[in-house]
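# A look at the structure
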Protein chains: 2
Amino acid sequence: MKRTERIGVIVKTLSDTPGKLYPLQYFCDLFQMAKSSISEDINIAASAMEATGSGFIETISGARGGVHFVPDTTQEAVAPLLDELCDRLRDPARILGGGFLYTSDIMYDTELVSRLATLFAVKFRALDVDYVATVETKGIPLATMVAHQLHRPLIICRREAKVSEGSTVSINYFSGSYDRVQKMSLSRRAVRPGSRTLVIDDFMRGGGSTKGIADLLAEFDAEVVGAGIAIVSETPEQKKIRDYTAAVYLGDVDEEKRTIDVRPNPDIFK
Amino acid sequence: MKRTERIGVIVKTLSDTPGKLYPLQYFCDLFQMAKSSISEDINIAASAMEATGSGFIETISGARGGVHFVPDTTQEAVAPLLDELCDRLRDPARILGGGFLYTSDIMYDTELVSRLATLFAVKFRALDVDYVATVETKGIPLATMVAHQLHRPLIICRREAKVSEGSTVSINYFSGSYDRVQKMSLSRRAVRPGSRTLVIDDFMRGGGSTKGIADLLAEFDAEVVGAGIAIVSETPEQKKIRDYTAAVYLGDVDEEKRTIDVRPNPDIFK
């Protein structure tokens, strides 16, 4: 295989599995080439990724070392993504009454969701979390893709304890969106004590369910260290959690005028 | 940017968004190069993908044409994937009683799940479906990744009708796994009449929930044309649906001897 082709294969392999470490020897065996050539291939692949701002290739030295891919993004990529999300949310056909919007088509559009996932993976990369957690259901595709990009296991809190989860820990919490007490449960096997978790969800109003996840994880002596939410309602201003990052803010939904007020989070990378 | 680097960028761009069509002009603008050079770059990228069996780059001609990436896999990649899945399932610590196994750690391991997703995307590519559907919860990460690889929207059937889904259609069906009637509901907005859907799920015993999805979609005049299930129980032999593909088969779970009988589907690519 020629260098040009080898670089294609290296980029595909590394970027398919962000965070996964490949020893240099893996590519030496694959291409039947010496380490010096492979090193040079990787340098070229790395400069291509950096030039477009789509990620970088990190080298970990030592006997257990190797290379892995770290996704990245740029202001130039994020601005149109958030604008697109806002534009789609502004469609008055989404208005369901009671201030609710239909958003499943957006949250289940894996192309848009994968771009949002990159945004959150980049935003929270430095936290070096052990898990990415969400509560069923609509945020699961986004949380799945963030977990993949951070190369961390996913945790899904359930509304009901299921027999297939084994013994579980449950909490009750107050959901402002539904104006009632809700339940959340998690398998005893799901979380290591002392671990650090990033919460990812599709929507936040008062922050009840994010706070619920934090309370549930506290039962495992585990900590929530950040939260990335696709759509955060501007009201109530006072949320039940302090540390969260919205992709976009949802303001007034006027059922009479059929208008939806939504804007990108201008401080997303601050 | 040199050719070697351009090829890295082309591979990353196309393989990040399988099925998405990029006009040649997109890369001409990105690199400030003539179409003839870009065409040659794409040919090299294509031959690199094909040489490793990880996919191919398809050219669609005409005014609205362009190139897109189609994921692929090989027997050499699938055999170790299914062996790894079986090995992990054989761990006796998974036995929960009542024939249930704890599998959430596997279904929420996005690296393994993304490889399984490629397997199902390749298996069902020719069906050219309009949607990928699942029922909450444990199969959602797998279904998300299959939907992404097939470049199709995801459908998630809910156990309960939620206010954020707007008006919904519901059915009741008998679940053999839970030995009771269960409910499944889907937003009226979720499915176009006349569409074709692939069902993806983590586990099947009698096929009740897959049949449930098919019955629910029939209410939308939509059709299930295939089903890919990560783990299929060997009993009962008679399933409620005929057309399905298992990644692995689960046989006897012996609680006394602490053994789990599981084997790869030998006919996965037949």
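An unreviewed UniProt entry lists chain A under the name Pur operon repressor, with Hornefia porci as the source organism. Its UniProt record gives chain A the following Subunit (unreviewed entry) comment, quoted word for word: "Homodimer." Recorded in UniProt for chain A, the comment headed Sequence similarities (unreviewed entry) runs: "Belongs to the purine/pyrimidine phosphoribosyltransferase family. PurR subfamily."

Let's shift gears to the overall build of chain A. Scanning chain A from terminus to terminus reveals eight helices and 12 strands. Its C-alpha atoms put chain A at 65 × 45 × 30 Å along the principal axes. The 270 residues of chain A split such that 56% are buried. Put simply, 62% of the contacts in chain A that link residues at least 6 apart link residues at least 24 apart. Put simply, chain A shows about 11,400 Å² of open surface, and 47% of that area lies on carbon and sulfur atoms. Seen as two clouds, the 33 positive and the 37 negative side-chain charges of chain A have centres 5 Å apart.

On to the pattern of salt bridges. Residue and element names in this part refer to chain B. Scanning the entire structure with this criterion turns up 34 salt bridges over all chains. Residue Arg 88 pairs with Asp 109 through a salt bridge whose shortest N-O separation is 2.8 Å. A residue pair is termed long-range when its members are at least 10 positions apart, and Arg 88 in helix H4 (residues 75-89) and Asp 109 in the loop between helix H5 (104-107) and helix H6 (110-124) qualify at 21 residues. Taking the relative accessible area as the measure of exposure, Arg 88 reaches 25% and is therefore partly exposed. In this structure, the salt-bridge partner of Arg 158 is Glu 165, at a minimum N-O distance of 3.0 Å. Glu 165 sits in the buried class, given a relative accessible area of 5%.

Another point: the interface of chain A and chain B. Contacts between the two partners involve 57 residues from chain A and, on the opposite side, 57 residues from chain B. Together chain A and chain B conceal approximately 4,800 Å² of surface at their shared face, both sides included; 63% is due to carbon and sulfur atoms. A salt bridge links Glu111(B) to Lys20(A), with the shortest nitrogen-to-oxygen separation between them at 3.0 Å. Linking chain A with chain B are 16 residue pairs in polar contact (both at pLDDT 80 or more). Every element with two or more residues in the side of chain A that touches chain B is listed here: helix H1 (3-16), helix H3 (35-52), strand E3 (95-97), strand E4 (100-101), helix H6 (110-124), helix H7 (140-150) and strand E6 (154-157) of chain A. Per element, the largest residue contribution to the side of chain A that touches chain B is 10 residues, and it comes from H1(A). In terms of residue class, the side of chain A that touches chain B is built from 26 nonpolar, 17 polar and 14 charged.

In any sheet, the strands associate via hydrogen bonds between backbone groups, in a parallel or an antiparallel arrangement. Residue and element names in this part refer to chain A. Read across the sheet, six strands follow the order E6-E5-E9-E10-E11-E12 without closing on themselves; strand pairing throughout is mixed. The two strands at the open ends of the sheet, each matched to only one other strand, are E6 and strand E12 (259-264). For this sheet, the mean angle separating the axes of adjacent strands, direction not counted, is 25°.

Attention now moves to the relation of the copies chain A and chain B. Note on the identical chains: chain A maps onto chain B by a rotation of 180° and an axial translation of 0.0 Å, with an RMSD of 0.0 Å. Interpreted geometrically, this transformation is the action of a two-fold axis.

With that settled, the discussion passes to the nonpolar core. In terms of nonpolar packing, the biggest core is built from 84 residues, with Leu82(A), Leu116(A), Leu142(A), Val146(A), Leu116(B), Leu142(B) and Val146(B) touching the most fellow members. Each residue touching Val146(A), except ones within four places of it in the same chain, is listed here: Ala117(A), Phe120(A), Val132(A), Leu198(A) and Ile200(A). Of all hydrophobic cores here, the second largest spans 38 residues; its members include Val11(A), Phe31(B), Ala46(B) and Val67(B).

The next point concerns the packing of aromatic side chains. Considering all chains together, one arrives at 10 aromatic pairs over all chains under this definition. Ring centres of Phe27(A) and Phe31(A) lie 6.3 Å apart, and the angle between their planes is 15°; on these two criteria the pair is classed as stacked. With a gap of four residues between them, Phe27(A) and Phe31(A) both fall in helix H2 (residues 24-31), about one helical turn apart. Judged by relative accessible area, Phe27(A) falls into the buried class, the value being 0%. In this structure Phe31(A) comes out as buried when scored by relative accessible area, which is 10%. On the numbers, 5.9 Å between centres and 35° between planes, the contact of Tyr22(B) with Phe27(B) is tilted.

We now examine the pairing of strand E7 (residues 168-175) of chain A. All names here are of chain A. Of the two faces of E7, only the one carrying Val 169, Ile 171, Tyr 173 and Ser 175 is buried; Thr 168, Ser 170, Asn 172 and Phe 174 on the other face are not. Pairing of E7 with strand E8 (residues 180-187) involves eight bridges; the strand directions are antiparallel. In the strand pairing of E8, Ser 175 is matched with Arg 180. Counted between consecutive antiparallel strands, the loop separating E7 from E8 contains four residues, among which Asp 179 sits at a positive phi close to 55°.

All names here are of chain B. One open sheet accounts for six strands, arranged E6-E5-E9-E10-E11-E12; its pairing is mixed. Strands with a single pairing partner mark the edges of an open sheet, and in this sheet they are strand E6 (154-157) and strand E12 (259-264). Across the sheet, the axes of successive neighbouring strands diverge by a mean angle of 25°, strand direction being ignored. Of the pairings in the sheet, the one linking strand E5 (residues 131-135) to E6 comprises four bridges and is parallel in character. When the sheet's bridge partners are listed, Val 132 is paired in E6 with Leu 154. Contacting strand E9 (196-204), strand E10 (223-233) and strand E11 (245-254), H6 runs over the sheet at an angle of about 145° to E10.

What counts and how
- Residues numbered from 1 in each chain as written.
- Chains lettered and ligands numbered in written order.
- Predicted model: local features only at pLDDT ≥ 70, side-chain atom pairs only at ≥ 80, totals over all residues.
- Heavy atoms only, no water.
- UniProt positions renumbered as here; feature names shortened; annotations may be inferred.
- Helix = DSSP H or I, 4+ residues; strand = E, 2+ residues; numbered from the N terminus.
- Buried < 20%, exposed > 50% of the residue type's maximum accessible area, 1.4 Å probe, protein only.
- Contact = heavy atoms within 4.5 Å.
- Areas by Shrake-Rupley, 256 points an atom, 1.4 Å probe, with all protein chains shown as cover.
- Lys, Arg positive; Asp, Glu negative; His and termini not counted.
- Charge placed at Lys NZ, Arg CZ, Asp CG, Glu CD.
- Salt bridge = Lys/Arg side-chain N within 4 Å of Asp/Glu carboxyl O.
- Buried area = accessible area lost by both parts, 1.4 Å probe.
- Polar contact = N/O pair within 3.5 Å; in protein donor to acceptor, adjacent residues only side chain to side chain.
- Nonpolar A, V, L, I, M, F, W, Y, C, P; charged D, E, K, R; others polar.
- Pairing = 2+ DSSP bridges.
- Axes fitted to C-alpha atoms, helices over the stretch in contact; angles between N-to-C directions.
- Least-squares fit on C-alpha atoms with pLDDT ≥ 70 in both.
- Core = buried A, V, L, I, M, F, W, Y, C linked by side-chain atoms within 4.5 Å.
- Phe/Tyr/Trp six-rings, centres within 6.5 Å; stacked < 30°, edge-to-face > 60°.

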